[in-house]
Amino acid sequence: MNTILEVDDLAVRYGGVRALDGVSVRLSDGEIRGLIGPNGSGKSTFIDAISGRKLPASGRIRLFGQEVTRLSAVDRRLRGLSRSFQRTSIFPELTVREQMSLAARRFGSDPGEILEALGLAAHLESLANQLGYGEQRRLDLALALVGSPKLLLLDEPAAGLSRAESLALADMLRALVRDAGTTVCLVEHDMDVIFGISDSVTVFDTGRVIAEGEPKAVRSDPAVRRAYLGSEG
């Protein structure tokens, strides 16, 4: 498989605190990569740095073979990288149709298939603040999918969802990779989602990568169990 994201020796600081310290990661085309780790371990900071919301203190980021380390978030979006947020980025007072039309205008794309796939076609005239929480999460994801991004970064997409909604989200992500060829990198605390759909898992602790590999191997790694899963047993 082709490597579409190369991160080398990435460091991010907040004042005197090193949120990321020498992180190197590779993502392959069509892969689902899960990111796990304790709260404050650097997962969301990693997503912010890759998407251009936080410029690193040092290190290099290459996207689709091109250096993007100092490019803005907008430039990276136009190059085919998109993301959703831990807290939804929807506009409460706009309808689903209005929000999707605004997002699609820049890319000249038709969002109809996305709305159908995410079960939002019946809510086109609903204000975002009239939707249920699960529907708001799906709308946030729909906005991220406009323009058919090749790399999608998701920050806790299952947060606040019911078990049934989380499993439906996992099925949708599998289909997205299979049908659209999208590479997915997701931060998620729901271990059933992470270990159920990820091709590989990267584990963060105190700003560093402490383990990486296939889900089964990562889950049984003693260092991972100490840092995140709670025991070595």
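Coordinates for the structure precede this section.
Residues numbered from 1 in each chain as written. Predicted model: local features only at pLDDT ≥ 70, side-chain atom pairs only at ≥ 80, totals over all residues. Heavy atoms only, no water.

1. A closer look at the environment of Arg-76
Short version of the rule: The helix and strand labels rest on DSSP assignments: H or I over at least four residues marks a helix, E over at least two residues marks a strand, and numbering proceeds from the N terminus. Each residue's exposure class comes from its accessible area (1.4 Å probe, protein chains only) as a fraction of the maximum for that residue type: buried when under 20%, exposed when over 50%, partly exposed otherwise.
Position of Arg-76 among the secondary structure elements: in helix 2 (residues 73–78). Note on Arg-76: relative accessible area 0%, which makes it buried. Taking the C-alpha atoms as reference points, Arg-76 and Ser-51, 25 residues apart in sequence, are found 6.7 Å from one another.

2. Quick word on helix 1 (residues 43–51)
Of all 9 residues that make up helix 1, 8 are buried, and the element is covered over most of its length. Those residues of helix 1 that fall on the buried side of the exposure criterion are Lys-43, Thr-45, Phe-46, Ile-47, Asp-48, Ala-49, Ile-50 and Ser-51. Of the residues trailing helix 1, Gly-52 is marked for its positive phi of about 95°.

3. What about the sheet that holds strand 4 (residues 58–63)?
Definition in use: Any two strands with at least two DSSP bridges between them are considered paired. In what follows, a contact means two residues having at least one pair of non-hydrogen atoms within 4.5 Å. The axes are straight lines fitted to the C-alpha atoms, using for helices just the contacting stretch, and the angles between their N-to-C directions are given from 0 to 180°.
Ordered in space as 2-1-4-5, the 4 strands form an open sheet in which the pairing is antiparallel. At either margin of the open sheet sits one strand with a lone partner, and together these are strand 2 (17–28) and strand 5 (66–67). Note: strand 1 (residues 3–14) against strand 2, 9 bridges, orientation antiparallel. Its bridge partner lying in strand 2, Val-7 is registered against Val-25. Of the strands in this sheet, strand 1, strand 2 and strand 4 touch helix 1, which is tilted by about 115° from strand 1.

4. Some points on the pairing of strand 8 (residues 183–187)
Applicable threshold: Place the viewer so that the strands point away; then a crossover is right-handed whenever the path from the first strand over the helix to the second strand goes clockwise.
Most of strand 8 sits out of view: 5 of its 5 residues are buried. By the alternation rule, side chains of strand 8 split into Thr-183, Cys-185 and Val-187 and Val-184 and Leu-186, which are all buried. Pairing of strand 3 (residues 32–36) with strand 8, which is carried by 4 bridges, proceeds in the parallel orientation. Across the sheet, residue Ile-32 finds its bridge partner in strand 8, namely Val-184. Since strand 7 (residues 151–155) and strand 8 lie parallel, the crossover through helix 6 (residues 163–180) that links them has a hand, and here it is right-handed.

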